[in-house]
Amino acid sequence: MRFSPIAAAAAILLATPAFAQAPEMPGQPEAARVAAGTYKVDPHHTQAVWSVDHMGFSTLYGMFGEMSGTLTLDPANLSAAKLAIDIPISGLTVTSSDFATHLASADFFEVEKYPAGRFVSTSVVADGTKAKITGDLTLKGVTKPVVLEAELMGAGANPMSKAQTVGFTATSTIKRSDFNLGYAVPVVSDEVELKITAAFEREAD
């Protein structure tokens, strides 16, 4: 059988409508799709990834998961939004079990005495799909103000749970020494970069 450029082109043109009709992703970064209400953290799809400079040789990462909390949101009055997140330190994932054990010790998080952290918003300044969320972060019994630079990632109905869902990404930088976590500073950087992905599902009416 000979290859026919004309036949190939015709096949591509005929297939194009099928691609064009493919359904869009359920979540879209459109503020108009955000439904007012109280939302709960989706613990399976929410994570906070931190990174530090490890002696100038590598960037070291860890991740907090298994979080819980609530978000109260009204797209008509975003400045009134309220966010409260509980962070179980047991939900910390790192590169090895020995490292995890060290982080749980008194050198770092002292998990037996301080099993959880918490973030509570104090103000929200929104601009379109972006927002500056100021709040109090508590780690190891110390509370300090932190600013999250947040952006709406998507909003809409979850096709599996049917719940109205919103998702955000956020970044921030904190100093671990502010929270009595300054072991090995400055050999390991004091500054910690945070990258957060959070999903929330609206509670049933």
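Please refer to the structure higher up on the page.
Notes on the structure follow. Every value quoted in this text rests on a predicted model; they were computed, and no experiment measured them.

The rules behind each value
Residues numbered from 1 in each chain as written. Predicted model: local features only at pLDDT ≥ 70, side-chain atom pairs only at ≥ 80, totals over all residues. Heavy atoms only, no water. Helix = DSSP H or I, 4+ residues; strand = E, 2+ residues; numbered from the N terminus. Phe/Tyr/Trp six-rings, centres within 6.5 Å; stacked < 30°, edge-to-face > 60°. Buried < 20%, exposed > 50% of the residue type's maximum accessible area, 1.4 Å probe, protein only. Pairing = 2+ DSSP bridges. Salt bridge = Lys/Arg side-chain N within 4 Å of Asp/Glu carboxyl O.

### Overview of the environment of Arg202
- With respect to the helices and strands, Arg202 occurs in strand E11 (residues 191-202).
- Spatially, the C-alpha atoms of Arg202 and Val41 are 8.9 Å apart, while their sequence positions differ by 161 residues.

### A look at the packing of aromatic side chains
- Per the counting criterion, the structure on display carries three aromatic pairs.
- Judged by centre distance (5.1 Å) and plane angle (65°), the ring pair of Phe108 and Tyr183 falls under edge-to-face. Taken together, the positions of Phe108 in the loop between helix H2 (97-104) and strand E7 (116-127) and Tyr183 in the loop between strand E10 (164-175) and E11 put the pair 75 residues apart, joining distant regions of the chain.
- By relative accessible area, which is 38% here, Tyr183 ends up partly exposed.
- A centroid spacing of 6.3 Å and a plane angle of 70° characterise the contact between Phe168 and Phe200, whose relative ring orientation is edge-to-face. Pair noted here: Phe168 is in strand E10 and Phe200 is in strand E11, with a separation of 32 residues, a long-range link.
- For Phe200, a relative accessible area of 4% corresponds to the buried category.

### Some words on the pairing of strand E3 (residues 58-64)
- Here strand E2 (residues 47-54) pairs with E3 via seven bridges, running antiparallel. Pairing of Ser51 across the sheet is with Tyr61, part of E3.
- What sits between E2 and E3 in their antiparallel hairpin is a turn of three residues, with Met55 showing a positive phi close to 65°.

### Some points on the pattern of salt bridges
- Going through the model one piece at a time under the given rule, you end up with three salt bridges.
- Between Lys40 and Glu203 there is a salt bridge, with its nearest N and O atoms 3.8 Å apart. Taken together, the residues Lys40 in strand E1 (residues 37-41) and Glu203 in the segment after E11 connect sequence positions 163 residues apart.
- When its relative accessible area of 46% is taken as the criterion, Lys40 is described as partly exposed.
- Here Lys132 ties to Glu149 by a salt bridge, and the two come within 3.8 Å at their closest N and O atoms. Taken together, the residues Lys132 in strand E8 (residues 130-139) and Glu149 in strand E9 (residues 142-157) connect sequence positions 17 residues apart.
- Overall, the relative accessible area of 41% leaves Glu149 in the partly exposed class.

### Describing unusual backbone geometry
- The omega torsion across Val185 and Pro186 is 5°, close enough to zero to call that bond cis.
- Examined against the element boundaries, Pro186 turns out to sit in the loop between E10 and E11.
- One non-glycine residue with positive phi stands out, namely Glu66, at about 60°.
- Note on Glu66: relative accessible area 56%, which makes it exposed.
- Even without a glycine there, the phi angle at Lys140 is positive, about 50°.
- With respect to the secondary-structure elements, Lys140 resides in the loop between E8 and E9.

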